Structures are given as structure tokens and as C-alpha cells.
Amino acid sequence: MSREAAERHDGRPAERRKASSGSGEPSGSTPDSAEGAPAEAPLPPTESTEVTFPQIARLELDDLLEQLVERAQDVLNTQGRLRGLLAANRAIASDLSLPVLLRRIAQSACDLVGARFGALGVLGPDNQLAEFITVGLDDETRAKIGALPRGKGILGLLITDPRPLRIADLTAHEQSVGFPANHPAMHSFLGVPIRVGDQVFGNLYVTEKSPRGPFTAEDEELLTALASAAGVAIDNARLYDIERRRQRWLTATAEISRELLAGDTDPLPLIAARARDVARADLAVLLVPVAEAPDMLLAAAADGTGIAAISGRLVPRANSLAGQALEEDRDLLLEDITEDESAHLFDGIPVGPALVVRVPEAGDGQPGVLWLSRQHGASPFDRDEQDMIASFADQAGVALKLAHAQSERRRLLLLEDRDRIARDLHDNVIQRLFAAGLGLTGLAARSPDPETQQRLTDYTEQLDDTIRAIRQAIFELRRTHETGLQAKVLDVIREVTPALGFAPDLRLEGPLDTLLDRDTADHVIAVVREALINAARHAEATSVSAALSGSDGRRLVVVITDNGVGMGTPSRSSGLTNMRSRAEQLGGTFTVTSPIAAIGKGTRLEWIVPLPDDGSRD
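Residue numbering note: each chain is counted from 1, following its sequence as written. Where totals are concerned, whole chains, interfaces and linings use all residues; where local detail is concerned, this predicted model gives features only for residues with pLDDT of at least 70, and gives and counts side-chain atom pairs only at 80 or more. Hydrogens and water molecules were not included; the side-chain quantities draw on all heavy atoms of the structure.

### Notes on the overall build of the protein
Formally: Under the scheme used here, helices are H or I runs from DSSP no shorter than 4 residues and strands are E runs no shorter than 2 residues, and both carry numbers assigned from the N terminus. Residue contacts are counted whenever heavy atoms from the two residues lie within 4.5 Å of one another. Computed with a 1.4 Å probe, the accessible areas rest on the Shrake-Rupley method; for each residue, only the protein chains presented here act as cover.
Helix and strand counts for the protein come out as 16 helices and 16 strands. Taking as baseline every contact in the protein between residues at least 6 positions apart, the subset at least 24 positions apart corresponds to 60%. For the protein, the computed accessible surface area is about 35,000 Å², with 52% contributed by carbon and sulfur atoms.

Spelled out as C-alpha cells, the structure:
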């Protein structure tokens, strides 16, 4: 080592360090001088030299340093990706709305592994893709691509074999079926299944690694971990969604029960409206049976798309989903009936997914059907929705039954009140008027003035007219729903008005309620209903009238007239045969003619039966 280097080493000159490095002797002497030996001469200064290492050792050190830097960078990258995985987990756990959650999962997958495009496919009941949520594609591109995939080709591999799938180049894979027009180019691919419990909910796909290159095994592990967390989040979101929907159905059921029991609302339209709203359907129709047409169902209420062409129409039971649900006593869940024209409820009404559930006590104590449908392309109804809607329909049926019972109770109270009023009118008012009339008749007989006699006679006739009017009022107050023919005829008119599209004209002559016994009244009601329903189904009329007359006291005449297409040559005549049979059973006649005979338009049904004797009436 040079002298200068030594001095730099400890900060002292070499001579002083030499002198002070002895064994404790004074600085002026040395061991050699003590022994008499000559002192060693100081070394002459030498030239400065640098420390050098062999070339091989230096290369090994550089390699070690480079490996250390690379491993440190790997640690940083791994730490960053783990942080990215934690951030993705936080993102997908921050929302319980299932549609929002699915999109967040797809976006988080792209961010986590550096992919340009991502998608999440949801499997349907048929193990095909029912939903396909994409990220990385703008709306214009997605619209140009057209229909979303259904799970063929490479996407189908994950469906048939739900294990992670990593492909360096999609276009070179043997299962590739190519891309549709306007689809962006994609090469690298990574897909993993998403499991909810022990079931495969769907698949998570990412493509186009950035920077360009294939996805790595580490990418696969990260995406698999994200899919596991996504499965838990999806399960929680589905449970939350089910509970929220169940709460909405319970609220709707309570609302309907409250409205029906209040007695201020027509129950069937309310049920259809609330069912469509809560089920997020485009159309809801409540169909009820018709006693006079057992092969038909009446659309008693509708809500949603195209209801103007639906309300009041008759639907055949045979070869229809509504009839099938009633005949088989089960609910029907259909994913999409767009292509099945025979399954449609009404012609010209677009449908896609549909749900048909039975409603007990929907009409006259008979079960009906609640039809719910969505537009083509909408998400289908699921099993959870089917169970909720079926429960809603059952509760609605119970509410209808309770509402009917409460309505009957109110009617009985009203009848009791009317009976009391009628009794008071008969016992007090009529008797007093009758006594006054007798007094006026006696005065008229004793009066010598003809003019006074005439005036008194006129007053007596006015009192008689008043007594007859009061008797008629008493009769109206005392008539009941079961035996009152006029009330039943009015009920039939209200019942068929929706099917006709307008209210038919009605004319009643004579005290029909007192002229007929119960058996004859039942025949009359059946004939009127049959005739009006036939007009609604076949006549294509714009005007219908019904007239019932018993004013001559000997016979009852029922005339139903319309301005429709006429009778023609009907393929079936069971309705006409029934009306003729009823007339003959009561000793009467039944005829069918055309009121506009010159052009063969319109139909006139005349049903005439003799009135029963007074002793046979009840």
C-alpha cells in the first residue's frame, strides 16, 4: 500500500504510525536501539496502485445484483396485482344490485389481468347463455355485431367442461367458429367458470392481453380467485334480490286485500295491474270462466301493452296455455313463445317469456288464470318469480272470496233496511193514502155539485196512482238477487258488455219479478245470456238490443236483436238448440229470423213461453 493510501487509511503519517506502533516504548527509542542493533532504515516511497478483482468474480456479482433487482421487481408486481385483486373484491362487494354487480365483475376482471375486452355469460335453464354482459365494446359496435352469443364454439367449451381455459390465439383453435361481421379482432383468451354454491352460475371471459401477448398462469390464478369471490357476491345479491321481490309481492297482496275489503274498487283490474307492475311484465291478463260458454275464457281484466284489443275478449280453452293450466291444474313457466303462434294469447299481441298461474275463486267460485308476459328478448321469468306470483295469486283468490262474502253481507244489510222501509211504507203511508181516497170517494158521492164531484174523483185517481207508484217502489225494495229477474238480467248485461265492446239496449215491460216462478226465471236468464254471448262471438254487430215483456199477463216474450252479419250456416248450433229446448220444455216457442231480410243481415231471436199460474209462483 502506498504511503498516501496509508495516511488516508488512518489520517496519520506513516512514520508517526510506525513510531507509535511499538510495545509501549518511549517515542525516542526502539527495541533495536535498546539492544544496540542498528536502526532499520525507513522504506522508500512507492507509486500508488488500485484494487482489482478477477473478471469472472465481477460477472458473478453483476448477475447476482441483476437477479436481486428482478426478484424485487417481481415482488413489487405481485404486491401490485394482489392489491388489484383486493380492489376488485371490494368493487364487486360494494353493490347488491345483481345487474350492476355482473357488469362490475366483468370490468374488474379486465382491470385485474390487463385485458382489453371482457364478458360475463349467465347460464339459463337449458344450459345455454341466457345473458351476456360485455365491457370494452361501445354501444355502436355492440349494435353492429347483432345478436349476442348463445354458447357455441370456444364459449361452449367452458359450459360443457367448467374449468379454466387459456388460449394463446383464438383464431388458431380447433373449436373456433369465427367472429360475426363488425366484431373486433381477438387473439389471446382466458376464461374461468363462476360457481354459486355447487352450481355453475356462468363464465367469466377476458381477451386481448395488454401489452400484446398471451395470458399467463398467474393471470389464470388471479381470475380464478376473482371468480370465487364473485360467486359469493352473486349469491348474496340473488338472496337480497329475492327477499326484496318477495317483500314487494307481500306489499301488493296486502294492498289488494285492503282495497277489496274496502269495497270501493273493482277487484279484477286491480289484481292485473298490481301483478304486472311487481312482476315487471309488459302484459297481464286475468281470464275467468264463463258459465254459458264452458269452452271459452273471458278476459275480464288486462293491464299493459295492447289492452284495448284484449279486455272483454273470449279465448278458447282448447289448445291454449290458459286452458292447459286449468285442465292440468298446474302453473306454466315458458322461456320464450315468440315462435310458437299457437301459444299466443291473442293475435297481434307480441310476447316472449310468459308465465301462467291459476287464481282460485276468480269468477263465480271457479278458478281463473293470471297470464303474465314480457316482450321478446326480455329476461325470462325464473322459478323464484313463479313461486312468488303463484303465492300472490292464491292470496288474491282468498281476498276475492272474502270480498265477495263481505259484499254479500253488505247486500243483506241493505236488503234488511229496504225491507224495513217497504214495511213502513205499506203499513203506514199506503194505508193512510187509501183511507184518504175512501174519504174523497164518499165526499164525491154526497156532493150535489157535478164539478165538485169530478174534481174529487180526479183527486181520488191521483191518490190511486200514488198508491200504485209506492207499491212498485216497495216491490223494487223487496226484490232479492236470487229471485229478482230484473236484477239478474242487469247483471248479465254488465257481464257481456266488455265482450261486445258496448252496452246493449235493454227494455223491460211489466212486473217480471212477480210474474215468473224461480224455474222459469232461471230459463229466461240462461236464454238472455246465451243469446248475448252468441252475438258477441259471432255477430260482429255494432248494435244489440234485448227486450223482455210480460205486460199482457199471459206470456213472457224475450226478443234479442242485432245488426250483425246474420246467421249464415253455423258449423255448430248447440246454443240455438239449447234455447229451443228450454222454450219447448216450458210449452213455448223459439224462432230465429233476419230483421234485414233484404240483404240477409242481422239476427232476431224470439223466445216466447206462457206465464205460470199464480199458484205455481214462489
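### Considering empty space enclosed by the protein
Operational definition: Residues are said to line a cavity or pocket when one of their atoms sits within 4 Å of a point; the points come from a 1 Å grid over protein atoms alone, cavities being sets where a 1.4 Å probe fits but cannot get out and pockets being open sets with protein on both sides within 12 Å along at least five of seven lines. Grid points are joined across faces, edges and corners, and a volume is the space filled by probe spheres set on the points. Residues are sorted three ways: Asp, Glu, Lys and Arg are charged, Ala, Val, Leu, Ile, Met, Phe, Trp, Tyr, Cys and Pro are nonpolar, and all the rest, Gly among them, are polar.
Summed over all chains, the structure comprises three cavities of 30 Å³ or more. In this structure, the largest cavity occupies an estimated 60 Å³ of space. Residue lining of the largest cavity: V290, L298, L314, E495, V496, A499 and I533, and that is the complete set. Per-element accounting of the lining of the largest cavity gives the leading share, three residues, to helix α13 (residues 485–500). Of the residues contributing to the lining of the largest cavity, the split by class is six nonpolar, no polar and one charged. Of the pockets and cavities examined, the second largest cavity occupies roughly 50 Å³. Lining the second largest cavity are R245, R248, W249, V278, A279, R280, E385 and I389. By residue number, the principal contributor to the lining of the second largest cavity is helix α8 (residues 217–262), which donates three residues. In terms of residue class, the lining of the second largest cavity is built from four nonpolar, no polar and four charged.

### Comments concerning the packing of aromatic side chains
Here is the rule we go by: Pairing of aromatic side chains requires ring centres within 6.5 Å, counting the rings of Phe and Tyr and the six-membered ring of Trp. Pairs whose planes differ by under 30 degrees are stacked, by over 60 edge-to-face, and all others tilted. Both a distance and an angle decide whether a charge sits over a ring: NZ of Lys or CZ of Arg must be within 6 Å of the ring centre and within 35 degrees of the ring normal.
Under the counting rule described, the total for this entry stands at three aromatic pairs. Joined through ring pairs, the aromatic side chains of F132, F189 and Y205 make up one cluster. Here the basic side chain of R374 rests over the ring of F381, its NZ or CZ set 3.9 Å away from the ring centre.

### Here's the deal with the sheet that holds strand β1 (residues 115–123)
So the rule is basically this: Paired strands, as defined in this entry, are two strands with at least two bridges between them according to DSSP. The axes used here are C-alpha line fits, helices contributing only the stretch in contact, and every angle between their N-to-C directions lies in the interval 0 to 180 degrees.
Spatial strand order, β2-β1-β5-β4-β3: five strands in an open sheet with antiparallel pairing. Looking at strand neighbours, the two that pair on one side only are β2 (129–135) and β3 (165–167), the edges of this open sheet. Averaged over neighbouring strand pairs, the angle between their axes works out to 15° when direction is ignored. When strand β4 (residues 189–196) meets strand β5 (residues 199–209), the two strands line up antiparallel, connected through eight bridges. Considered in β5, the bridge of G191 is made with Y205. Packed onto the sheet, helix α5 (residues 98–113) meets β1, β2 and β5 and runs at close to 145° relative to β1. Strands β1, β2, β3, β4 and β5 of the sheet are contacted by helix α7 (residues 153–160), whose axis makes an angle of about 35° with β4.

### Describing the nonpolar core
Put simply, the rule reads: Note on terminology: a nonpolar core comprises buried Ala, Val, Leu, Ile, Met, Phe, Trp, Tyr and Cys residues joined through side-chain atoms within 4.5 Å. Classification of residues uses two cut-offs on accessible area relative to the type maximum, computed with a 1.4 Å probe and protein chains only: under 20% is buried, over 50% is exposed, and between them is partly exposed.
Among the nonpolar cores identified, the biggest contains 67 residues, and L370, L372, V524 and W607 are the most heavily contacted of them. The dominant element in this core, judged by the number of residues it contributes, is helix α15 (residues 518–539), at 10 residues. When sequence neighbours within four positions are dropped, the list of residues in contact with W607 reads H523, V524, V527, L556, V557, V558, M579, R582, A583, L586, T589 and F590.

### Focus: the sheet that holds strand β13 (residues 544–549)
Strand order in the open sheet formed by five strands is β12-β13-β14-β16-β15, with mixed pairing between adjacent strands. Each of the sheet's edge strands pairs with one partner strand only, and the pair in question is β12 (505–509) and β15 (589–593). Strand-to-strand twist across the sheet, computed as the mean angle between neighbouring axes with direction ignored, equals 10°. With five bridges connecting them, β12 and β13 associate as parallel partners. Across the sheet, residue D505 finds its bridge partner in β13, namely S545. Its contacts with the sheet place α15 against β13, β14 (555–562) and β16 (603–610), and it is angled at close to 10° to β14.

### Quick notes on the pattern of salt bridges
Keep this limit in mind: Between Lys or Arg on one side and Asp or Glu on the other, a salt bridge is scored when a side-chain nitrogen of the former is within 4 Å of a carboxyl oxygen of the latter.
This structure, assessed with the given rule, holds 23 salt bridges. One salt bridge connects D139 with R142, and the closest N-O pair in it is separated by 2.6 Å. Taken together, the positions of D139 and R142, both in helix α6 (residues 139–145) and three residues apart, correspond to about one turn of that helix. We note a salt bridge from R244 to D241, for which the minimum N-O separation is 3.2 Å. With a gap of three residues between them, R244 and D241 both fall in helix α8, about one helical turn apart.

### A closer look at α15
The condition that has to hold: To estimate the expected span of a helix, count its residues, drop one, and scale the result by 1.5 Å.
A rise of 1.5 Å per residue sets the reference length of α15, with its 22 residues, at 32 Å; its end C-alpha atoms lie 30 Å apart and thus fit the reference within 8%. The buried fraction of α15 amounts to 16 of the 22 residues, a majority that puts the element mostly inside the structure. Once α15 ends, the next one or two residues include E540, with phi positive near 55°.

### Some details on the packing of α13 against α15
Just so we agree on the cut-off: In this scheme, roughly parallel covers angles under 35 degrees and roughly antiparallel covers those over 145, while 65 to 115 is roughly perpendicular and the rest are oblique. Two helices that cross are described as forming a left-handed crossing if the nearer one is turned anticlockwise from the farther one by less than a right angle, and a right-handed crossing if clockwise.
Put simply, α13 and α15 touch, their axes get as near as 10 Å, and they point 15° apart. Overall, the two elements α13 and α15 adopt an arrangement that is roughly parallel. The interaxial crossing formed by α13 with α15 has right-handed handedness. Listed contacts from α15 to L485, K488, V489, V492, I493, E495, V496, A499 and L500 of α13 are A521, D522, V524, I525, V528, R529, L532, I533, A535 and A536. Here the residues of the contact of α13 with α15 sort into 15 nonpolar, no polar and four charged.

### Let's talk about the pairing of strand β7 (residues 296–304)
Across the nine residues that make up β7, a large majority, seven, are buried. Examined bridge by bridge, strand β6 (residues 283–289) and β7 share seven bridges and lie antiparallel to one another. Across the sheet, A284 pairs through a bridge with D303, a residue of β7. In this structure, β7 lies alongside strand β8 (residues 314–316), joined through three bridges in antiparallel fashion. Looking at the pairing, L297 lines up with V315 of β8.

### Notes on the confidence of the model for the protein
Quick note on the threshold: Think of pLDDT as the predictor's per-residue confidence, scored from 0 to 100.
Looking at the protein as a whole, the pLDDT averages 76, with 76% of positions reaching at least 70. When the criterion is pLDDT under 50, residues 1–39 qualifies, and its contacts beyond four places in sequence or with other chains add up to 16 contacts.

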